[in-house]
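The residues making up each chain are set out below.
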Amino acid sequence: MIPLKLTTRNDRGPALLLVHGFPLDHRIWQPQIEKLPFSIRLFVPDLRGCGASPLPPGPCGIDDYARDLLGLMNEQRVDRFYVAGHSMGGYIVFSLLRQAAGRILGAALVSSRALPDTEEGRRTREAVARRAELEGPGFLADSMPAKAVGDAPPAGVLDALRTIMSQAQPAGAAAAARAMAGRVDSTPGLARISCPVVVLAGRQDKIVPAAESEAMASGIPGARLVWCERSGHVPMLEEADLVTRELGALVR
Ligand code: MLT
């Protein structure tokens, strides 16, 4: 069992697990940690090799991140829970739904997608992984924040992204890039998802095209698609109140 760094708050109420994306850590959910009602029991881990969580030796795929989270919730004695995944965190939510659908009460997919990488995308991931191993995360912190936000991000968002990305663990970022490259196509399973789902998509997202968000939402029975009109790829920070409200509504 990997000792994941976990941020929690109160210990009562329905459980909500917040899963961060790449190359990030739990701090990307800071506005939600502060503003979600205290009637919700929050679990906000750093994934293996991210933030303050160790990266164990050996293979690391999207299913391994999901298994870590199931182990974490077991350890916390939480059987059934809600889950929100941002981008790579959404890929992990799909794996949770494949591995333990009966434990998931509802899911939010934030700026995420069901399709796998293209061949070209996989080659780019490998180049990113090698560069992270050789140079550290500085190049990610220099290049990714501007791509991750919409036209007019609120004050502080770019700096927050730079700070988190510049502190990413080189080996953890490399492992995550390779895990994303190896992820399976989640599209065939969409029609079998039976819990309530909300898809939150940034209208100005330069990483996940709008058409992919629409196709994903329409493939999941009963899923609601919510557009974050002023957001790029990180609506949790760009339209924090909207995302907080939607997560609160999912749990209610
Ligand atoms: C993320 O935000 O987790 C990544 O941008 C996802 C991706 O590159 O596919």
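Keep in mind it's a predicted model, so treat the numbers as computed, not measured. (Residues numbered from 1 in each chain as written. Predicted model: local features only at pLDDT ≥ 70, side-chain atom pairs only at ≥ 80, totals over all residues. Heavy atoms only, no water.)

*Asks:* Could you clarify how one ought to interpret the overall build of the protein in this entry?
*Replies:* Within the protein, the regular secondary structure consists of 10 helices and 7 strands. In summary, the protein has a C-alpha radius of gyration of 16 Å against a globular reference of 18 Å for 252 residues, a match within 12%. Its C-alpha atoms give the protein principal-axis dimensions of about 45 × 40 × 35 Å. Burial status across the protein gives 56% buried among its 252 residues. (Helix = DSSP H or I, 4+ residues; strand = E, 2+ residues; numbered from the N terminus. Rg over C-alpha atoms; globule rule 2.2 N^0.38 Å. Buried < 20%, exposed > 50% of the residue type's maximum accessible area, 1.4 Å probe, protein only.)

*Asks:* Looking at this structure, how should I read the packing of helix H4 (residues 119-135) against helix H7 (residues 170-181)?
*Replies:* A pair of packed helices is characterised by two quantities: the angle between their axes and the separation of those axes. Between H4 and H7, the least distance of the axes is 8 Å, while the angle of their chain directions is 170 degrees. For the element pair H4 / H7, the angle class is roughly antiparallel. Touching Arg122, Arg125, Glu126, Val128, Ala129, Arg130, Ala132 and Glu133 of H4 are Pro170, Ala173, Ala174, Ala177, Arg178, Met180 and Ala181, all from H7. For the contact of H4 with H7, a count of residues per class yields 9 nonpolar, no polar and 6 charged. (Axes fitted to C-alpha atoms, helices over the stretch in contact; angles between N-to-C directions. Parallel < 35°, antiparallel > 145°, perpendicular 65-115°, else oblique. Contact = heavy atoms within 4.5 Å. Nonpolar A, V, L, I, M, F, W, Y, C, P; charged D, E, K, R; others polar.)

*Asks:* How do you make sense of the packing of aromatic side chains when you look at a structure like this?
*Replies:* For any two aromatic rings, the description comes down to two numbers: the centre-to-centre distance and the angle of the planes. Under the defined criterion, the tally for this structure stands at 0 aromatic pairs. Seen from the ring of Tyr91, Arg183 lies directly overhead, with NZ or CZ sitting 3.9 Å from the centre. Its end group placed over the ring of Trp227, Arg203 keeps NZ or CZ at 4.2 Å from the ring centre. (Phe/Tyr/Trp six-rings, centres within 6.5 Å; stacked < 30°, edge-to-face > 60°. Lys NZ or Arg CZ within 6 Å of the ring centre and 35° of its normal.)

*Asks:* How should I be thinking about the pairing of strand S4 (residues 81-86) in this particular structure?
*Replies:* Remark: a regular strand shows side chains that alternate across the two faces of the sheet. Extensive coverage of S4 is indicated by the burial of 6 of its 6 residues. Of the two faces of S4, the one lined by Phe81, Val83 and Gly85 and the one lined by Tyr82, Ala84 and His86 are each fully buried. Sheet topology note: the strand S2 (residues 15-19)/S4 ladder contains 4 bridges and is parallel. Its bridge partner lying in S4, Val19 is registered against Gly85. Direction of pairing for S4 relative to strand S5 (residues 104-110): parallel, over a ladder of 6 bridges. Directly across from Tyr82, in S5, lies its bridge partner Gly106. (Pairing = 2+ DSSP bridges.)

*Asks:* Explanation requested: the site of the ligand in the structure shown.
*Replies:* Looking at the ligand, the residues that line it are Gly21, Phe22, His86, Ser87, Met88, Tyr91, Arg113, Arg125, Met180 and His233. A distance of 2.9 Å is found between an oxygen atom of the ligand and a side-chain nitrogen or oxygen belonging to Ser87. With respect to the ligand, the side chain of Arg113 contributes an N or O atom lying 3.2 Å from an oxygen atom. Calculation on the ligand without its partners gives an accessible area of 270 Å², and the protein chains cover 94% of this total. (Near = heavy atom within 4 Å. Polar contact = N/O pair within 3.5 Å; in protein donor to acceptor, adjacent residues only side chain to side chain. Areas by Shrake-Rupley, 256 points an atom, 1.4 Å probe, with all protein chains shown as cover.)

*Asks:* It is not clear to me how the pairing of S5 should be interpreted in this structure. Could you clarify?
*Replies:* Of all 7 residues that make up S5, 6 are buried, and the element is covered over most of its length. For the handedness criterion, the β-α-β arrangement of S4, helix H3 (residues 88-100) and S5 is classed as right-handed. The pairing of S5 with strand S6 (residues 197-202) spans 4 bridges and is parallel. Considered in S6, the bridge of Ala108 is made with Val198. (Right-handed = clockwise from strand over helix to strand, strands pointing away.)

*Asks:* How do you make sense of the sheet that holds strand S1 (residues 6-8) when you look at a structure like this?
*Replies:* In any sheet, the strands associate via hydrogen bonds between backbone groups, in a parallel or an antiparallel arrangement. Taken in spatial order, the 7 strands make up an open sheet running S1-S3-S2-S4-S5-S6-S7, and their pairing is mixed. Because the sheet does not close on itself, it has two edges, and the strands there are S1 and strand S7 (224-228). Each neighbouring strand pair of the sheet contributes to a mean axis angle of 20 degrees, computed without reference to strand direction. Along the sheet, helix H8 (residues 210-219) makes contact with S5, S6 and S7, crossing S7 at roughly 155 degrees. Running at roughly 165 degrees to S7, helix H10 (residues 240-251) makes contact with S2, S4, S5, S6 and S7 of the sheet.

*Asks:* What am I meant to see in the nonpolar core here?
*Replies:* Nonpolar side chains tend toward joint burial in soluble globular proteins. With 85 residues, the main nonpolar core has Trp29, Met88 and Leu161 as its most contacted residues. Sorting elements by how many residues they give to this core places H3 first, with 8 residues. Contact partners of Met88, with chain neighbours within four places excluded, come to His20, Gly21, Phe22, Leu47, Ile62, Tyr65, Ala176 and Met180. (Core = buried A, V, L, I, M, F, W, Y, C linked by side-chain atoms within 4.5 Å.)

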